[in-house]
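Each chain, written out:
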Amino acid sequence: ARNAYVLGRSPCGSSSGTGAAVAASLAVAGVGTETDGSILCPASVNGLVGIKPTVGLVSRDGIIPIAHSQDTAGPMARSVADAAVLLQAMAAIDDGDDASAANPSREPVDYLARLDPQALRGARIGILHKHGVAAQPDVEAAFERAIEALKALGAEVVDAQIATAGQWNAAEFEVLLYEFRHGLDAYLAGSDAPVRSLDDVIAYNAAHAGREMPL
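No experiment lies behind these values; they were computed from the predicted model shown.

A. Structural detail: the sheet that holds strand β1 (residues 29–34). The antiparallel open sheet is built from three strands, whose spatial order is β1-β3-β2. Each edge of the sheet is formed by a strand with only one pairing partner; in this case those strands are β1 and β2 (49–50). Sheet topology places β1 next to strand β3 (residues 72–77); six bridges connect them, and they run antiparallel. Bridging from a neighbouring strand, Gly32 pairs with Gly74 of β3. Packed onto the sheet, helix α1 (residues 16–23) meets β1 and β3 and runs at close to 160° relative to β1.

If you want it as structure tokens, here you go:
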């Protein structure tokens, strides 16, 4: 996949195909699946609205898992309104997904009714302003324009600080590795796939390395 606006740039991922296709107007909206950035990153670099729902708001039943505590599907669209329409259709309780079944709120939310042009009035939004944005002057300028637009709509924008920033990456990745094995084994065991576990996948790749792993 290529970035819809600059073909020589990355569309980011995963869910890069969805991001590029929606940005190129090949679809009104699309669905991404995110563990850690796979909706937000392609939405960001392709100029889209991406929403990573709270885990359990949208069913994960049938989605190949990476990390059970983080995985979810979510909408990607060119406007907040389009993203809300898709989220309205996606959000539902599904007893086939334990996070969805445990959702304390079993009443559907009317996201469309909450599309209020005055919604930002009184909102307080934290901005992580010093995390790499200033490295690109054009990006910095666009970022500042976005902040001014939020303020013009009534939001209070503050510089946020996370004292532990960067200290949890290794632990998060370790959790992902353990959850990936367990989740994929459970997914394959309940499917009609010819492989039944991560070990089977690894063994197949090793036996067919010339075709499966040429790089």
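Still more to cover.
B. Highlighting the nonpolar core. Core analysis: the largest hydrophobic core is formed by eight residues, namely Val58, Ala73, Ala84, Leu86, Leu87, Met90, Ala91 and Tyr111. If you tally residues by element for this core, the top one is helix α3 (residues 80–90), at four residues. Contact partners of Leu86, with chain neighbours within four places excluded, come to Ala29, Gly30, Val31, Pro75 and Met76. Judged by nonpolar contacts, the second largest core, of six residues, contains Val22, Ile39, Ala43 and Met76.

C. Up close: the side chain of Asn46. Within the secondary structure, Asn46 is located in the loop between α2 (40–45) and β2. In terms of polar contacts, Asn46 uses its side chain to reach the backbone amide nitrogen of Ala4, at 3.2 Å. The residues touching Asn46, leaving out its near neighbours within four places in the chain, are Asn3, Ala4, Tyr5, Pro11, Gly19, Ala20 and Ala23.

D. Seen up close, the state of the cysteines. Counted according to the given criterion, the structure contains one disulfide. Shown here is the disulfide that connects Cys12 with Cys41, its sulfur atoms set 1.7 Å apart. Around the S-S axis, the bridge from Cys12 to Cys41 shows a dihedral of about 95° and counts as right-handed. With Cys12 in the segment before α1 and Cys41 in helix α2, the pair connects residues that are 29 residues apart, well separated along the chain.

E. The arrangement of helix α5 (residues 137–152) in detail. Look at α5: 23 Å from first C-alpha to last across 16 residues, which is about the 22 Å you get at 1.5 Å a residue. Looking at the residues trailing α5, positive phi occurs at Gly154, about 105°.

F. Representation of the confidence of the model for the chain within the structure. Considering every residue of the chain, the mean pLDDT works out to 91; 97% of them sit at 70 or more. Mean pLDDT across the secondary structure elements of the chain bottoms out at helix α4 (residues 98–101), with 88, and peaks at β2, with 98.

G. Region of the structure containing the environment of Glu140. Within the fold, Glu140 resides in helix α5. For Glu140, a relative accessible area of 19% puts it in the buried group. Sequence spacing of Glu140 and His129 is 11 residues, and the spatial spacing of their C-alpha atoms is 9.4 Å.

Rules of the game
Residues numbered from 1 in each chain as written. Predicted model: local features only at pLDDT ≥ 70, side-chain atom pairs only at ≥ 80, totals over all residues. Heavy atoms only, no water. Pairing = 2+ DSSP bridges. Helix = DSSP H or I, 4+ residues; strand = E, 2+ residues; numbered from the N terminus. Contact = heavy atoms within 4.5 Å. Axes fitted to C-alpha atoms, helices over the stretch in contact; angles between N-to-C directions. Core = buried A, V, L, I, M, F, W, Y, C linked by side-chain atoms within 4.5 Å. Buried < 20%, exposed > 50% of the residue type's maximum accessible area, 1.4 Å probe, protein only. Polar contact = N/O pair within 3.5 Å; in protein donor to acceptor, adjacent residues only side chain to side chain. Disulfide = S-S within 2.5 Å. Expected span 1.5 Å × (residues − 1). pLDDT = per-residue confidence, 0-100.

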